[in-house]
Amino acid sequence: MTISYRNFLKLFMLVIVLGMSSPGSSMAELKIDITRGVVEPVPLAVTDFFGEGKGEQDFGEKIAGVIAADLERSGLFAPIDKKAFIQTGKSLNVLPRFGDWRLIKAQALVQGHVEMTVDGRLKVEFRLWDVYAEQQMVGLAYFSVPSNWRRVSHIIADAIYERITGERGYFDTRIVYIAETGPRTKRVKRLAIMDQDGENHRFLTDGTILVLTPRFSPTLQEITYLSYYNDIPRVYIFNIDSGRQERLGDFPNMTFAPRFSPDGKGVIMSMAKDGNSDIYKMDLATRKVVQLTTHSSIDTAPSYSPDGDEIVFESDRSGTQQLYTASANGGKAKRISFGPGRARYATPVWSPRGDWIAFTRIFGGNTAIGVMRTDGSGERILAQSTARGDWVEGPTWAPNGRVLMYFRQEKANKQGRGGRTRLFTIDITGHNEREVVSPVDASDPAWSPLNQ
Amino acid sequence: MRRYVSYSVFFHLGVVVLAYFGLPSFRDTMNSVVPVSVEILTVAEVTNVPTKTAKPPKPPKPAEKPAPPPLAPETASNTPPAPPEPETPKPDEVAILPAPESRPKPQVKQKPKPEDAPENKKTSAQPKPKKKPAPPDPFASVLKTLEDLKSAPPDEKQEPKEKERTQPTFEEQMADALETKTRRQDLGANLTISEIDLVRQQIARCWNLPAGAKDAHEMIVDLSVLMNPDGTVSSARIENQAQMAFDPFFRAMAESALRAVLNPACSPLKLPPEKYENWKEMSLQFNPKEMFGL
């Protein structure tokens, strides 16, 4: 009604000139579609958590440090240097001055409070603020024994990560891997475990027996792996809490390449027999064994889909090593890897998110870590060997299916010495490759599920 | 009233006649015009980028503008610290189980805590400010901040890399975008292509979207934005509230769009002030699909 004759006329002229008709579209409102953005780490400020006493302040500082380091390592966040902070200390605990934080370009603000309770426990409280919207995004308080402060920090980092990205976090996790020492010709290999950030490292076996391919249970503090106890390669289960090892099943032949089922109740693995190897699954409670593949070729390295309905595995039934999917109850296999030239594929791992399968690809003297959709489409290489004699292998997924870890082995000299072997992480977008700090050479990593 | 009706009839007739006879040629000119304006736009884009050097002084300005309102109630709330306490949402209470190997005893006694915890906080926050360590000189820290920002802001490092990566396809994207229907509709809103593209690019630069999220390429976020005449955002609202509620991925995507609009680095939006009537209400659609041509 208030639309003036002039505007009316103008609008109509435009309609005519453009030769377009858009019934029902409101003319008063300007519509703009934004189809491009940037993919940059979110600048955020993690302030030292406030504490009244000296001890509490120390905790507050250390906790903020671990949180900032976790978030930074993910590559999705850029923690702002503490020196730039304008508002600090107690006043933050009342209410952030959002203007101050906008000034230093923080988009999110993490602020917290540490308190020792009378019963000697640590109470850690944090809030995540959206600086632009001036709103609290999440606020939580945790109680724990003080020695558990690292874990509390990881849990808070997970909460922040989850709230901002929409994705489950993965900081409160551990890595089990094969720690390697000595020259390549006389390599000592031990099972080892550490926090996702390299802290709390410890060896689980003493190195007298060769161990390979550790895999985490999705539900228990257990690892399944391959051990050469008495020089006979067999699949074992290791309980992290008790340190107990147990041979899995009484197979007449070599068993290898084990992996837990998604519900943790079964293990899927390969068994070799007369130069042929097939895939078997074992129910851990009943110890019942079911053979899933019967092909005369080598079928190995099985991995379950997160719903447990399907498996992916490698097989040379076509003449070269390729990836196949099949029902988890056996049946017809479907080849999904069709790489360039004579590319071979190995170590497939189904993403916990279900959307990708990670693999090692061997092609033209290079090895690479990549992902493909579960039907084999959309193959992308994320990381590859950089020089001849180098090697990348063994992808394992972070529990949120967003980050991959693998190992990179550099070429050793003629004496079999030198040439580091280290763990690396990379985002599934192919960015942010990082070395995972380990005290000794490390290979064959397996990411734990998110701690409960 | 009747006058307007007759105008309406007249113009409708005009539309039909023109559409019937003149449209093909208009289409032609449109099509031939579009590529030209792409050129203009890319140039405009480039000229905009250098203003980045002149940008640093800008962010503070818009930052200050929206700042006063929140600051005022805040300083006011400093004197009676009681009110802000209930206002700030109470954190959920979570008692953590220590790492399984260290101690397997479950602790579920958080319920009584919520009441006395904030109580404790209030009392402890109030009467003993003596323990507080001497805060660093605020002015010194401001200066330091500015220096830091000038010399080596952490995100500066990241930027060139990202730019390089996105640049090659950008032209294509623009060309693409120009040909879409919505594009032409924009023209109907009385702003020129280049005016709209200026804003589009301005917002795109501030839209830091969560890449790699599952099904990120299928999410479309609608924001309705009310603008102030000076080009700053008066208010912005995410339209897809229902989807926000049950899909955390979508919520993250939607909030990233909201942050783009509220980002001081993108304020004020470079809209022609004389056409304020046409852009005081905007609906922005964020569609990351083209970003994920995996």
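These numbers were taken from a predicted model, which means no experiment stands behind them. (Residues numbered from 1 in each chain as written. Chains lettered and ligands numbered in written order. Predicted model: local features only at pLDDT ≥ 70, side-chain atom pairs only at ≥ 80, totals over all residues.)

This part is about the overall build of chain B. The secondary structure content of chain B amounts to 13 helices and four strands. Here chain B, with 294 residues, has 24% of them falling under the buried criterion. At a minimum sequence separation of 6, the contacts of chain B that also span at least 24 residues come to 73%. (Helix = DSSP H or I, 4+ residues; strand = E, 2+ residues; numbered from the N terminus. Buried ≥ 20, exposed ≤ 12 C-beta atoms within 10 Å, placed from the backbone. Contact = placed C-beta atoms within 7 Å.)

With that settled, consider the overall build of chain A. Helix and strand counts for chain A stand at five helices and 30 strands. The buried share among the 452 residues of chain A stands at 50%. Taking all contacts inside chain A whose residues are at least 6 apart in sequence as the whole, residues at least 24 apart take part in 44%.

Our focus in this paragraph is the sheet that holds strand β14 (residues 255–260) of chain A. Residues and elements named next belong to chain A. Spatially, the four strands line up as an open sheet ordered β14-β15-β16-β17, and their pairing is antiparallel. Edge positions in the sheet fall to β14 and β17 (289–291), since each has one partner strand and no second. If you compare each strand with its neighbour and ignore which way they point, the axes differ by 25 degrees on average. With three bridges joining them, strand β16 (residues 276–283) and β17 adopt antiparallel strand pairing. Residue pairing across strands places M282 opposite V289, the latter belonging to β17. (Pairing = 2+ DSSP bridges. Axes fitted to C-alpha atoms, helices over the stretch in contact; angles between N-to-C directions.)

Turning to helix α2 (residues 54–73) of chain A, a few remarks are in order. Residue and element names in this part refer to chain A. The end-to-end C-alpha distance of α2, which contains 20 residues, comes to 29 Å, matching closely the 28 Å that a straight helix rising 1.5 Å per residue would cover. Those residues of α2 that fall on the buried side of the exposure criterion are E56, F59, G60, I63, A64, V66, I67, A68, D70 and L71. Here the buried face of α2 lies against β2 (42–46), β3 (77–79), β4 (108–116), β5 (122–130) and α5 (149–165). One or two residues past the end of α2 sits G75, with phi positive at roughly 80 degrees. (Expected span 1.5 Å × (residues − 1).)

Further remarks concern the pairing of strand β10 (residues 211–216) of chain A. Residue and element names in this part refer to chain A. Most of β10 sits inside the fold, with five of its six residues counted as buried. In terms of strand pairing, β10 meets strand β11 (residues 222–227) through four bridges, oriented antiparallel. When the sheet's bridge partners are listed, L212 is paired in β11 with L226.

Time to look at the confidence of the model for chain B. Looking at chain B, pLDDT values average 57 and 37% of them are 70 or higher. Confidence drops under pLDDT 50 across residues 173–189 of chain B; counting only partners more than four residues distant or on other chains, this segment forms 35 contacts. (pLDDT = per-residue confidence, 0-100.)

Right, let's talk about the pairing of strand β19 (residues 310–315) of chain A for a bit. In terms of burial, β19 of chain A is largely enclosed, as five of its six residues are buried. Remark: six residues form the turn of the hairpin made by β19 of chain A and strand β20 (residues 322–327) of chain A, two consecutive strands paired antiparallel; G319 of chain A in that turn has positive phi of roughly 110 degrees.

This part is about the sheet that holds strand β26 (residues 391–397) of chain A. Residue and element names in this part refer to chain A. With antiparallel pairing, the four strands of this open sheet are ordered in space as β26-β27-β28-β29. Across the chains shown, the open sheet's two edge strands, defined by having one partner strand only, are β26 and β29 (434–436). Adjacent strand axes in the sheet meet at a mean angle of 35 degrees, parallel and antiparallel pairs treated alike.

Moving on, we get to the nonpolar core. L44, I63, I67 and V110 of chain A together with W207, A257 and V261 of chain B are the most contacted members of the largest nonpolar core, which totals 153 residues. Here this core spans two domains, since at least three of its residues come from each of domain 1 (42–165) and domain 2 (174–447) of chain A. (Core = buried A, V, L, I, M, F, W, Y, C linked by C-beta atoms within 7 Å. Domains from an automatic or database assignment.)

The step from S267 of chain B to P268 of chain B runs through a cis peptide bond, and the omega angle for that step is 0 degrees. Tracing the chain through its elements places P268 of chain B in the loop between α12 (248–262) and α13 (276–279). One non-glycine residue with positive phi stands out, namely T347 of chain A, at about 40 degrees. Position of T347 of chain A relative to the elements: it lies in strand β22 (residues 344–350). Since 22 C-beta atoms lie within 10 Å of it, T347 of chain A is described here as buried.

Glancing now at α12 of chain B. For α12 of chain B, built from 15 residues, the straight-helix expectation of 21 Å at 1.5 Å per residue is met to within 8% by its first-to-last C-alpha distance of 21 Å. For α12 of chain B, a buried count of 13 out of 15 residues is recorded, marking the element as mostly surrounded by other parts of the structure.

Turning our attention to the environment of N276 of chain A. All names here are of chain A. Note that N276 resides in strand β16. Residue N276 is classed as partly exposed on the basis of its C-beta count, with 14 C-beta atoms lying within 10 Å. Apart from residues lying up to four places away in sequence, N276 is in contact with S296 and I298.

Residue and element names in this part refer to chain A. The geometry of α2 relative to α5 is characterised by a closest axis approach of 9 Å and an angle of 45 degrees between their N-to-C directions. Regarding the angle of α2 to α5, the classification is oblique. Crossing hand, α2 versus α5: right-handed. Residues F59, K62, I63, V66, I67, D70 and L71 of α2 form the contact with α5, whose participating residues are W149, R150, V152, S153, H154, I156, A157, I160 and Y161. (Parallel < 35°, antiparallel > 145°, perpendicular 65-115°, else oblique. Left-handed = near helix turned anticlockwise from the far one by under 90°.)

Take the environment of Y280 of chain A next. Mapped onto the fold, Y280 of chain A is located in strand β16. With 22 residues separating them in the primary sequence, Y280 of chain A and P302 of chain A have C-alpha atoms 9.2 Å apart.

This part covers the confidence of the model for chain A. Chain-level statistics for chain A give a pLDDT mean of 86 and a share of 93% at 70 or above. Within the model, pLDDT remains below 50 along residues 15–27 of chain A, and this stretch shows 20 contacts once partners closer than five positions in the same chain are excluded.

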